[in-house]
Amino acid sequence: ARDGEGANCLLEVLVEGAKNNSDAIKMAKSICNSSLVKTAIHGCDPNWGRIISAAGNSGIDFILDIVDLYIGDFQILKKGKLNKYDSKKVANYMQTRMNGKYLVEDIVSIALNLNSGSEKGTAWGCDLSKKYVEINSEYTTWFKSIAGQGIISIVVLYNGVIKLDLYIINFFFF
């Protein structure tokens, strides 16, 4: 996730206090995959509403009134209530991570405790930057399989120029 084109930081989401591990992982992935969360991370905006919304979009039931939410070491929600925190300090934490040393000081951590069980799960993602959108909107991929010959051709064009021309030959026919 950290090596995503145009990514500036790694996003690590821990969901704990879940009823089971699969629910925790599903919710953590939902938060990591949320475009709104990713853009908030990129903008160094501690937008806890986007995080809770993405948790809700996971389809996993939880009781907001007992949820604890942290961004880094900053507790944002305590038992579902907005905790007193300095949003500028949280934004500064996020900005520091955006500019941090690769895979050492560039991890933005989000921890959500559902306080409903003992299971946990973690997922990883990255911020959604303008550069990410730019890079991923400027290339296309073609896939062609030559039937019966075990050959697959993958071509990637970036701004009309071939950047990858890959042939995979499968010697095992079934």
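Residues numbered from 1 in each chain as written. Predicted model: local features only at pLDDT ≥ 70, side-chain atom pairs only at ≥ 80, totals over all residues. Heavy atoms only, no water.

This part takes up the pairing of strand E1 (residues 10-18). As defined by bridge partners, E1 adjoins strand E5 (residues 107-113) across 7 bridges and the pair is classed as parallel. Residue pairing for E5: Leu-14 is matched across the bridge by Ala-111. (Pairing = 2+ DSSP bridges. Helix = DSSP H or I, 4+ residues; strand = E, 2+ residues; numbered from the N terminus.)

Glancing now at the pattern of salt bridges. Applying the stated criterion across every chain, the model contains 2 salt bridges. A salt bridge links Asp-68 to Lys-79; its shortest N-O distance comes to 3.9 Å. In this pair, Asp-68 sits in strand E2 (residues 68-71) while Lys-79 sits in the loop between strand E3 (74-78) and strand E4 (81-82), placing the two residues 11 residues apart along the sequence. With a relative accessible area of 42%, Lys-79 lands in the partly exposed category. A salt bridge links Glu-134 to Lys-131; the nearest nitrogen and oxygen atoms lie 3.4 Å apart. (Salt bridge = Lys/Arg side-chain N within 4 Å of Asp/Glu carboxyl O. Buried < 20%, exposed > 50% of the residue type's maximum accessible area, 1.4 Å probe, protein only.)

Before going further, it helps to examine empty space enclosed by the protein. Scanning all chains against the criterion turns up 1 cavity of 30 Å³ or more. Taken as a whole, the largest cavity spans an internal volume of roughly 30 Å³. Looking at the largest cavity, the residues that line it are Val-37, Ala-40, Ile-41, Asp-45, Pro-46, Asn-47, Ile-51, Ile-71 and Met-94. When residues of the lining of the largest cavity are assigned to their parent elements, the largest contribution, 3 residues, is made by helix H2 (residues 35-42). Looking at the lining of the largest cavity residue by residue, the class counts come to 7 nonpolar, 1 polar and 1 charged. (1 Å grid on protein atoms, 1.4 Å probe; cavity = no way out; pocket = protein on both sides within 12 Å on 5 of 7 lines; lining within 4 Å. Points joined across faces, edges and corners; volume = space filled by probe spheres on them. Nonpolar A, V, L, I, M, F, W, Y, C, P; charged D, E, K, R; others polar.)

Phi is positive for Cys-44, close to 55 degrees, though the residue is something other than glycine. Counting through the fold element by element, Cys-44 comes out in the loop between H2 and helix H3 (48-57). Look at Cys-44 and you get buried, because its relative accessible area is 9%. Positive phi, normally seen in glycine, also occurs at Lys-79, with a value near 50 degrees.

A word on the nonpolar core. Residues Val-15, Ile-31 and Leu-112 are the most contacted members of the largest nonpolar core, which totals 32 residues. Where this core is concerned, the elements lending two or more residues are E1, helix H1 (21-33), H2, H3, E2, E3, helix H4 (87-98) and E5. Of the residues forming this core, the biggest block, 5 residues, is contributed by H1. Dropping the residues within four chain positions of it, Leu-112 is found in contact with Leu-14, Val-15, Glu-16, Met-27, Ile-31, Ile-52, Ala-55, Val-67, Asp-68 and Leu-69. (Core = buried A, V, L, I, M, F, W, Y, C linked by side-chain atoms within 4.5 Å. Contact = heavy atoms within 4.5 Å.)

Right, let's get into the sheet that holds E3. Strand pairs in the sheet, formed through backbone hydrogen bonds, run parallel or antiparallel to each other. Spatially, 6 strands are ordered E4-E3-E2-E5-E1-E6 in an open sheet, and the strand pairing comes out mixed. The open sheet has two edge strands, E4 and strand E6 (119-126), and neither has a second partner. Here E2 pairs with E3 via 3 bridges, running antiparallel. Each bridged residue has a counterpart across the sheet, and for Leu-69 the counterpart in E3 is Leu-77. Across the sheet, H2 lies against E1, E5 and E6, angled at about 130 degrees from E5, the strand it touches most. Taken strand by strand, H4 contacts E2, E3 and E5, and its axis lies near 130 degrees from that of E5. (Axes fitted to C-alpha atoms, helices over the stretch in contact; angles between N-to-C directions.)

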